[in-house]
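The lines below spell out each chain.
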Amino acid sequence: MTKHRIYTMSFAGVYPHYVTKAEKKGRTKAEVDEIIYWLTGYDQEGLEKVLENKTNFETFFAEAPKLHPNRKQIKGVVCGIRVEDIEEPLMQEVRYLDKLIDELARGKKMEKILRV
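> What exactly am I supposed to notice about helix H2 (residues 11–24) here?
Helical periodicity: at 3.6 residues per turn, an α-helix aligns residues three or four positions apart in one direction. A rise of 1.5 Å per residue sets the reference length of H2, with its 14 residues, at 20 Å; its end C-alpha atoms lie 20 Å apart and thus fit the reference within 8%. Along H2, the residues classified as buried are Phe11, Ala12, Val14, Tyr15, Tyr18, Val19 and Ala22. The arc that holds the buried residues of H2, viewed along the axis, is 155°, so those residues lie on one side. The exposed residues of H2 that point more than 90 degrees off its buried face are His17 and Lys24. On the buried face of H2, the contacting elements are helix H3 (29–40), helix H4 (44–52), helix H5 (57–62) and helix H6 (89–105). Looking one or two residues past H2, Gly26 carries a phi angle of roughly 85°, positive in sign.

Take a look at the structure:
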């Protein structure tokens, strides 16, 4: 079975799209980064290294310092699929991130996005 294309894509190739999506709706790159830090446990230095090394999504999540335990509270639809129903663990992690960025772009408050 072949891997889904997103797994082998460079996180650095998709990251600017996350930022652009947020900025088009009046949000900031710092907020996108905060979401990534919360979800994965990366800090600024770790994220910069991931971007510099063009780390793929599979490695990005596999090497994440600490996936946030509250990420399982993320619910909703991304690309027509409910994130809580995705059975493949890596795809679910990718879609969690997509969902959080969508929530940011839709104007949700950071406290709600980060499940505080």
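> How do you make sense of the side chain of Glu93 when you look at a structure like this?
Tracing the chain through its elements places Glu93 in helix H6. Beyond its immediate chain neighbours, meaning those up to four positions away, Glu93 contacts Leu39, Phe61, Leu67 and Arg71.

> Any chance you could explain the side chain of Arg115 here in plain terms?
Among the secondary structure elements, Arg115 is positioned in the segment after helix H7 (110–113). Here Glu103 takes part through its side chain, which lies 2.7 Å from a polar atom of the side chain of Arg115. Those residues in contact with Arg115, other than ones at most four positions away along the chain, are Trp38, Asn70, Gln73, Ile74, Lys75, Leu100 and Glu103.

> How should the pattern of salt bridges be read in this particular structure?
It is possible for side chains of opposite charge to pair when their charged atoms get near one another. Inspection of every chain in the model, using the stated rule, returns eight salt bridges. Residue Lys21 pairs with Asp102 through a salt bridge whose shortest N-O separation is 2.3 Å. One end of the pair, Lys21, is in helix H2; the other, Asp102, is in helix H6, with 81 residues separating them in the sequence. A salt bridge links Arg71 to Glu93, with the nearest nitrogen and oxygen atoms 2.9 Å apart. Of this pair, Arg71 sits in the loop between H5 and strand E1 (77–78) while Glu93 sits in helix H6; the two residues are 22 residues apart in sequence, bridging distant segments of the chain. Glu93 shares its class with Arg71; the two are buried.

> Before we go on, may I ask you to explain the packing of aromatic side chains in this structure?
Where two aromatic rings form a pair, the distance of their centres and the angle of their planes describe that pair. The final tally for this structure, using the stated rule, is seven aromatic pairs. A ring pair is formed by Phe11 and Phe57, whose centres lie 5.2 Å apart and whose planes are at 65°; its orientation type is edge-to-face. Remark: Phe57 occurs in helix H5 and Phe11 occurs in helix H2; sequence separation between them is 46 residues. Like Phe57, Phe11 is buried. Linked through ring pairs, Phe11, Tyr15, Tyr18, Tyr42, Phe57, Phe60 and Phe61 together constitute an aromatic cluster.

Parameters and conventions
- Residues numbered from 1 in each chain as written.
- Predicted model: local features only at pLDDT ≥ 70, side-chain atom pairs only at ≥ 80, totals over all residues.
- Heavy atoms only, no water.
- Helix = DSSP H or I, 4+ residues; strand = E, 2+ residues; numbered from the N terminus.
- Expected span 1.5 Å × (residues − 1).
- Buried < 20%, exposed > 50% of the residue type's maximum accessible area, 1.4 Å probe, protein only.
- Arc of directions from axis to C-beta.
- Contact = heavy atoms within 4.5 Å.
- Polar contact = N/O pair within 3.5 Å; in protein donor to acceptor, adjacent residues only side chain to side chain.
- Salt bridge = Lys/Arg side-chain N within 4 Å of Asp/Glu carboxyl O.
- Phe/Tyr/Trp six-rings, centres within 6.5 Å; stacked < 30°, edge-to-face > 60°.

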